[in-house]
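Descriptive structure summary
Chain residues, written in single-letter form:
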Amino acid sequence: MQAGTTTTENLIELSDNAFVVFSAIKVLLVFSVVMVVVALLTLMERKVSAWMQDRLGPNRVGPGGLGQPLADGIKNILKEETNPAEANRVFFTLAPMLSIIPALVTFAVIPWAAPLPTPWGVVPMMVADLPIGILFLLAFSSLGVFGIVMAGWASSNKYALLGGLRAGAQMISYEIALGLSLMSVFFLVGNVGLDEIVWTQQRMNMWFALPLAVSFFFFWISSFAETNRLPFDLPEAESELVTGYHTEYSAMKFSMFFIAEYAHVLTVSALMATLFLGGWDIPGVGRDDMLGFVDGVWVGERPAVWITLLTFGAFALKTLLFILIFMLVRWTVPRFRYDQVMDLGWKILLPAALVAVMVTAATVLALDSFGVEMDRLYYGFVPLYGLVLTVVNVAMLVIVLWVMDRGQTLAGSGSLDEKRRVAQERARRRAEAMRVHLTTPRAGAR
Amino acid sequence: MAANVVVMKRPVRKSSYIRASLKGMALTFRHMRQSAGDRSEVTIQYPEQKKQLSPRWRGTHVMETHEDGRPKCVACGLCPTICPANCIKLVPGEDDQGNRYPIVYEIDEFRCIFCGMCQEVCPVEAIHVGTHYENAEYTRNEFVYDLDRLMKQRHPSTLLWDPADPAGE
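Residues numbered from 1 in each chain as written. Chains lettered and ligands numbered in written order. Predicted model: local features only at pLDDT ≥ 70, side-chain atom pairs only at ≥ 80, totals over all residues.

What follows concerns the overall build of chain B. Counting its regular elements, chain B contains 5 helices and 5 strands. The N-to-C order of helical and strand elements in chain B reads α-α-β-α-β-β-α-β-β-α. Expressed as a percentage of its 169 residues, the buried residues of chain B come to 21%. A separation threshold of at least 6 residues defines the contact pool for chain B, and within that pool the share at least 24 residues apart is 71%. (Helix = DSSP H or I, 4+ residues; strand = E, 2+ residues; numbered from the N terminus. Buried ≥ 20, exposed ≤ 12 C-beta atoms within 10 Å, placed from the backbone. Contact = placed C-beta atoms within 7 Å.)

Here is the structure:
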């Protein structure tokens, strides 16, 4: 906020050579950290689910079961690979790769800490500072479903095929709500770079979770559907489809689907933290507000190593929070029925997201035309811009929840004929109740 | 087409998905908080922790021995007679002093139903059912315990039998 109050003149941009070196280091670092975290997530999921069910979870390999992911990995590598005779070998082999690569690549554009000052220049703490940022992310995260559909088709197994089809349908339905909920973020920020999104939240003195509550909620629901996790795990619905699209997979190929799922969880959690919880922003501290070089001029506070470390801690905490909620939901909520998933996606999320985008856009337009400044604290502490948006969005969220709660979407639904019959019955009964019964004789009849 | 489906009309507070989900999540979270860090008291860590056996527990047999290592069994033949599963094989023998002893005494632990009648009927308190239950062998034949093996069993005999009151009076 107070750009220019600290000395920023001796900060230099990375030279081309240093950029290459640091990029290589960051790629290696991020890849290994993501893989390790994914391995630990599998352990965490088992532990958390065990605790929720009053069990202990894996605790035999290493202290507290910490060696379990390693043991699982070794087991999966050493296991026999089975290839079904009827399967299409090329696509059967390609599918796990196609599902794991997008899951890992998407992490490239997420900034995980404040820029790090080094003697060779200031290093932005994201692998690829792409100007298209989140568009890249959307493109790649929806590529993940190709792997699943391909796995379902190439297995030539009816359950796998059904799982793949469900994954495709689900992805299409929820991608729309996902994209629409991002719209409000885009026009509030005016950019699609994720570092810009973090910077805007810092300038606004408010994380987008409140001013864009509806978008946050929709993005959250959609991300559950995108990661194929409960309550949206229809592609691998164990009780209906054996294990869905990876029924025929074993050993490391199965493991790759597994890794891809957790990598998706990690990416989506990090993305939600970035988009709606201020990314690596530490709440209530202005010292970490910085963007980076814009046309050779440093924007924001002066970077420091300890700020980078602290902001990374904040980012990790926020991501962990979302991961925990992912797990909490998975082990609490039962799976939706297929028609409920479609109803929720097309009848609630899509129209509601459209309306929410329009209302939020109108609010932003009104705020801008009344001259309310986004990054100004009125009376020293009132972020008016954010507060107005919060009021509007919370009101919308309440309405959405109220409509969802009416039993329209998630209650039992019969066939269309049955619904029609019930509606007719209700109309008939209403007409019956409104009819004036002429049982008493008229006054003049006597 | 389901012609006679009755659509229940439930109040929103009962059928609300969101409220039910939140309630469920609160429940799972509470359980997680209670047993986080492996503090769950429900699970028994089996090889290290063992469940306390019931005082009526009857497990693998034990043959009592004299101080000089001879079995206490006098080969009276009561246990094979009373055994409802017919799992005890006894061939009696007699030495020079006229003492009866078992030449062959085998119990098939697979056929045994662990009723404990052999222990009850034994006049010299020689055969007992024990407190041991972890039997694992590579072949079925190895579950036929012979006399030597029955005498080598070191686990305490069942709590049903009180050594201070051997006849159960």
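More follows now that the structure is in view.
Turning our eyes to something else, we now look at the overall build of chain A. Helix and strand counts for chain A stand at 13 helices and 4 strands. Viewed in the frame of its principal axes, chain A has a C-alpha envelope of about 110 × 70 × 40 Å. The proportion of buried residues among the 446 residues of chain A is 44%. A separation threshold of at least 6 residues defines the contact pool for chain A, and within that pool the share at least 24 residues apart is 78%.

Residue and element names in this part refer to chain A. Here helix α11 (residues 338-369) contains 32 residues, and its C-alpha end-to-end distance of 45 Å stays within 8% of the 46 Å for a straight helix at 1.5 Å per residue. Of all the bends in α11, the largest measures some 35° and sits at L349, one to four residues before the proline P351. V341, L344, G345, L349, A352, A353, A356, V357, T360 and V364 are the residues of α11 that are buried. Residues of α11 that are buried sit in contact with α5 (158-189), α7 (213-226) and α12 (384-405). Of the residues flanking the end of α11, it is G371, one or two places downstream, whose phi is positive at about 75°. (Expected span 1.5 Å × (residues − 1). Bend = angle between axes of the 7 residues up to and from the residue.)

Membership of the largest hydrophobic core comes to 120 residues, with the highest contact counts inside it found for A:A263, A:L266, A:M272 and A:F276. For this core, the element with the most residues is helix α9 (residues 251-276) of chain A, which contributes 15 residues. The contact partners of A:L266, leaving out residues within four places of it in the chain, are A:V34, A:V37, A:V38, A:L41 and A:I323. B:C79, B:I88, B:L90 and B:I127 belong to the second-largest nonpolar core, a separate cluster that totals 18 residues. (Core = buried A, V, L, I, M, F, W, Y, C linked by C-beta atoms within 7 Å.)

Our focus in this paragraph is the sheet that holds strand β5 (residues 144-145) of chain B. If you trace the 3 strands from one edge of the open sheet to the other, you get β2-β3-β5 (chain B), paired in antiparallel fashion. The two strands at the open ends of the sheet, each matched to only one other strand, are β2 (88-94) and β5 of chain B. (Pairing = 2+ DSSP bridges.)

Here we take up unusual backbone geometry. All names here are of chain B. One non-glycine residue, N86, lies in positive phi territory at about 55°. Tracing the backbone through its elements, the reader meets N86 in the loop between α3 (78-82) and β2. Overall, N86 belongs to the exposed group, with 11 C-beta atoms counted inside 10 Å. Despite not being glycine, E125 has its phi angle at roughly 55°, a positive value. As for its placement among the helices and strands, E125 is situated in the loop between α4 (117-121) and β4 (127-130).

Right, let's talk about the pairing of strand β1 (residues 59-63) of chain B for a bit. Residues and elements named next belong to chain B. Counted residue by residue, β1 has 5 buried out of 5 residues, so it is predominantly covered. Relative to β4, β1 runs antiparallel, the two sharing 4 bridges. Residue V62 lies in a different strand from β4, and its bridge partner there is H128.

Residues and elements named next belong to chain A. Contact geometry for α5 and α11: axes closest at 9 Å, N-to-C directions at 10°. Comparing their axes, α11 and α5 come out roughly parallel. As α5 runs across α11, the sense of the crossing is left-handed. Taken together, the residues of the contact of α5 with α11 sort by class into 19 nonpolar, 6 polar and 1 charged. (Axes fitted to C-alpha atoms, helices over the stretch in contact; angles between N-to-C directions. Parallel < 35°, antiparallel > 145°, perpendicular 65-115°, else oblique. Left-handed = near helix turned anticlockwise from the far one by under 90°. Nonpolar A, V, L, I, M, F, W, Y, C, P; charged D, E, K, R; others polar.)

We now examine the pairing of strand β4 (residues 297-300) of chain A. Residue and element names in this part refer to chain A. Here strand β3 (residues 290-294) runs beside β4; their pairing, made up of 4 bridges, is antiparallel. Each residue of the ladder has a partner; that of M290, found in β4, is G300. Hairpin geometry of β3 and β4 is characterised by an intervening segment of 2 residues between the two adjacent antiparallel strands and by a positive phi of about 55° at D295.

Glancing now at helix α4 (residues 133-154) of chain A. With 22 residues, α4(A) extends 33 Å between its outermost C-alpha atoms, agreeing within 8% with the 32 Å of an ideal straight helix rising 1.5 Å per residue. Looking one or two residues beyond α4(A), the residue adopting positive phi is A:S156, at roughly 40°.

What follows covers the environment of A:A213. Residues and elements named next belong to chain A. Along the chain, A213 turns up in helix α7. Spatially, the C-alpha atoms of A213 and G279 are 16 Å apart, while their sequence positions differ by 66 residues. Once residues lying within four places of it in the same chain are set aside, the contact partners of A213 are T390, N393, V394 and L397.

Right, let's talk about the packing of α7(A) against α11(A) for a bit. Residue and element names in this part refer to chain A. Between α7 and α11, whose axes approach to 10 Å, the crossing angle comes to 150°. Judged on the interaxial angle alone, α11 and α7 are roughly antiparallel. The hand of the α7/α11 crossing is left-handed. Residues V214, S215, F218 and I221 of α7 touch α11, and the partners they reach there are L349, A353 and A356. Across the contact of α7 with α11, the residue classes break down as 6 nonpolar, 1 polar and no charged.

So, about the environment of B:V104. Residue and element names in this part refer to chain B. With respect to the element layout, V104 can be found in strand β3 (residues 100-108). For the pair formed by V104 and I88, sequence separation is 16 residues and the distance between their alpha carbons is 10.0 Å. Not counting residues within four places of it along the chain, the set of residues in contact with V104 comprises K89, L90 and V91.

This next bit is on the environment of B:L78. Residue and element names in this part refer to chain B. Following the sequence through the fold, L78 ends up in helix α3. For the pair L78 and P123, spaced 45 residues apart in sequence, the C-alpha to C-alpha distance is 8.4 Å. Once you skip the residues sitting within four places of it in the chain, L78 turns out to touch V121, C122 and P123.

All names here are of chain A. For chain A, per-residue confidence averages 82 on the pLDDT scale, and residues scoring 70 or more make up 92% of the total. By mean pLDDT, the top-scoring element of chain A is helix α2 (residues 68-78) (89), and the lowest-scoring one is β4 (74). Confidence over residues 1-6 falls short of pLDDT 50; this stretch has 9 contacts with residues more than four positions distant or in other chains. (pLDDT = per-residue confidence, 0-100.)

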